[in-house]
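Remarks on the overall topology
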Amino acid sequence: MCGIMGYIGEQEASRILVDGLRRLEYRGYDSAGVATLVNGSIEVRRAVGKLDNLESLLREDPLAGSIGIGHTRWATHGPPSEENAHPHRAGQVVVIHNGIIENFLELKEELVAKGRTFQSETDTEVISQLIDEHMSEGLDFTAAAQKAVKQLEGSFAIVTFCHGDENRLLTFKTATPIVIGLGEGENFVASDVPAILEHTRDVLFLEDGDMAEVTREGVKVTTFDGEPVDRPSKKITWDPITAQKGGFKHFLLKEINEQPQALIDTMLGRIRQEEGDVSLPELDSLGSDWSKFERIYLTACGTAWHACLVGKFLLEEMARIPVDVDYASELRYRKPILGPETLLVAVSQSGETADTLAAVEEAAASGSKVLSICNVVDASIPRKADAVLYTHAGPEISVASTKAFTTQLTSLYLLSLHVGRALGRFDEKAGRDLVHDLVKLPSLIEEALTSQKQIAKIAKKYGHASDFLYLGRGINYPIALEGALKLKEISYIHAEGYPAGEMKHGPIALIDEQLPVVVLLPRDPMYPKTLSNLKEVEARGGRIIAITDAPTPELEEIAWEVVTIPEANHLLAPILLSIPLQLLAYFVAIYRGTDVDQPRNLAKSVTVE
Ligand code: AGP
């Protein structure tokens, strides 16, 4: 997510803006910029990379002015560059934005047809161009901004001001946060509390559909149509570090709870509900004839490899293309059979994992097309690929991957739907159902997140165990592996995941009263078989922790704990089942007092072999 900062008052705006952006650095970014009004004229300074680069630019070429906006960009459209950095200026207007404008291409086409020229590849520039266009049609700044914003589709938080108007900032909010800091003769706008805490603890939070006119004297909150709304001010009691975590104790818990929004952002602009399809123009470079791929190879490391295991089920069921999955660290040395008839899909949160990068290079050298599914725009792996499907999870700070994982699964579902429709594997009606099931998912995740208190209690009851066994079947077997990895990497407890049907071939020897057995049990055709596996566990005293969308009396009788999740399309159950397992790992780690966000021995991105 990008960092947003606005200031209007009597102090030097550029210093306040940069200091505020520094407190938003934890959000991750790849470029930054500020704009102020100097003697009534808009001045902009932008730099790629860290804020130090922007600060050195400001030392060489200072910015005066006591009204301004600043931004740190996490690229979602267009690579990190000075031209793509915010703020974006068009004529009399300058804008910063957090979120994704879903219909920016059609708006851009309309504006170009009116003779406007664009300086960047971003969706954001459409906003400044639209406002300026409406001002050139005779509307005043506020009316022009209101009209422009109502044309936007997608998720956005916008802050803007215009040439010659020293007296107001305008801000608009839909899905991404805006907080307004209330000072004496000065006011602040930010995407998150840490940016303003050193100036004031009196704030008000905008809600979706709110706009605010921010002056030195005060703040007027209305709807986009100008109808007044009441947003009471609040007193922030957090310390700055807690504030960076949005009030959560750890980044990991914050990122687990961010997953509904992360999935929404990953779907944004890609869903075509009416046609029962998805729109992935970023795949056009792979060509439209998917039948030329006889096989798809999914490769990754760690959690991303678990996403590939689920991806095999999705692609084979929805697209009916044979899929192989391999650890990148194995694939790169195995002299794999690759070539033009094979598509290699490399899944990586960071886009910098050395083994995955090497596997990509191996595939490219063998003549395979490469598709990167990645969370960091312009990282090394996307740069090597023929096409990139970006997840829009926003920066993932905690070493343990959670929202990146569920957005990888979302992206693999989008890919499978896209290829399945392209190959005519299912009709528009079936496609509409699949799209509908995906669009429902963020609210189902919100529901799954309500089990946090129950899971915290379970963690206390079983957190002393020295081993855990995770069981799952079919498409959910990889989630058993992922749950075990989450527990291992943040609580340091030995845990392993196993296909439930395999338990009798060895792991059943582990079962005793000391062994918590976490079983994934969605209501699907495998339910009865997995239930009978559970009876074998129960007969040997195993402590069963069942995660299910169907808590039957039979299950309640043999399970020590039952965590219920909402029912979902079986192809999307892996995403839902991940949520309680992430929470279990988190609360066990808390119980054991380990370093949740920076576990021992681990790195967020393994850029060495
Ligand atoms: C997951 O919790 C770990 N942090 C680790 O397994 C990670 O998934 C793996 O190192 C791959 O990283 P990448 O997705 O950035 O390529």
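Placed above this text is the structure.
Notes on the structure in this doc start here. It should be emphasised that the depicted structure is a prediction, and the values quoted were computed from it without experimental measurement.

To continue, consider the overall build of the chain. Helix and strand counts for the chain stand at 19 helices and 26 strands. In summary, the chain has a C-alpha radius of gyration of 25 Å against a globular reference of 25 Å for 609 residues, a match within 12%. The buried share among the 609 residues of the chain stands at 62%. Considering only intrachain contacts with a sequence separation of at least 6, the fraction spanning at least 24 residues in the chain is 71%. When the accessible area of the chain is evaluated, it comes to approximately 22,500 Å², of which 50% is carbon and sulfur surface. Charge-centre separation for the chain: the mean point of 60 positive side chains lies 3 Å from the mean point of 88 negative side chains.

Its place among the elements puts R216 in the loop between β12 (210-214) and β13 (219-223). Each C-alpha atom, one on R216 and one on D427, is 57 Å from the other, the two residues being 211 residues apart in sequence. With residues near it in sequence (within four places) discarded, R216 still touches I8, G9, E10, S66, I67, E166, N167, G185, E186 and N187. One polar contact links R216 to E10, side chain to side chain, over a distance of 3.5 Å. Within the structure, R216 has its side chain in polar contact with the side chain of S66 (distance 3.0 Å).

Now for the packing of helix α4 (residues 125-136) against helix α5 (residues 141-150). Interhelical geometry of α4 versus α5 gives an angle of 130° and a closest axis separation of 8 Å. In terms of their interaxial angle, α4 and α5 are classed as oblique. Relative to α5, the crossing made by α4 is right-handed. On α5, the residues that touch L130, I131, H134 and M135 of α4 are F141, A144, A145, K147 and A148.

To continue, consider the sheet that holds strand β10 (residues 187-190). Within the open sheet, the eight strands sit side by side as β3-β2-β4-β1-β10-β9-β11-β14. Their pairing is antiparallel. Either end of the sheet is taken by a strand with one partner, and the two such strands are β3 (41-48) and β14 (234-235). Two elements, strand β9 (residues 179-182) and strand β11 (residues 202-205), share three bridges in a ladder whose sense is antiparallel. Across the sheet, G181 pairs through a bridge with V203, a residue of β11. Packing against the sheet, helix α1 (residues 13-22) makes contact with β1 (3-8), β2 (31-38), β4 (67-73) and β10, and its axis sits at approximately 150° to β1. In this fold helix α2 (residues 51-60) packs onto β2, β3 and β4, with an angle of close to 135° to the strand it touches most, β3.

In this model α4 runs 17 Å from its N-terminal to its C-terminal C-alpha over 12 residues, within 8% of the 16 Å that 1.5 Å per residue would give. In terms of residue burial, α4 counts as a mostly covered element, since 11 of its 12 residues are buried. Restricting attention to buried positions, one finds in α4 the residues E125, V126, I127, S128, Q129, L130, I131, D132, E133, H134 and M135. Buried residues in α4 make contact with β5 (88-90), β6 (93-101), α3 (104-113), α5 and β7 (154-162). In the segment just after α4, G138 is the residue with positive phi, at about 110°.

What counts, and where the lines are drawn
Residues numbered from 1 in each chain as written. Predicted model: local features only at pLDDT ≥ 70, side-chain atom pairs only at ≥ 80, totals over all residues. Heavy atoms only, no water. Helix = DSSP H or I, 4+ residues; strand = E, 2+ residues; numbered from the N terminus. Rg over C-alpha atoms; globule rule 2.2 N^0.38 Å. Buried < 20%, exposed > 50% of the residue type's maximum accessible area, 1.4 Å probe, protein only. Contact = heavy atoms within 4.5 Å. Areas by Shrake-Rupley, 256 points an atom, 1.4 Å probe, with all protein chains shown as cover. Lys, Arg positive; Asp, Glu negative; His and termini not counted. Charge placed at Lys NZ, Arg CZ, Asp CG, Glu CD. Polar contact = N/O pair within 3.5 Å; in protein donor to acceptor, adjacent residues only side chain to side chain. Axes fitted to C-alpha atoms, helices over the stretch in contact; angles between N-to-C directions. Parallel < 35°, antiparallel > 145°, perpendicular 65-115°, else oblique. Left-handed = near helix turned anticlockwise from the far one by under 90°. Pairing = 2+ DSSP bridges. Expected span 1.5 Å × (residues − 1).

Interpretation in functional terms is not warranted from these geometric data alone.
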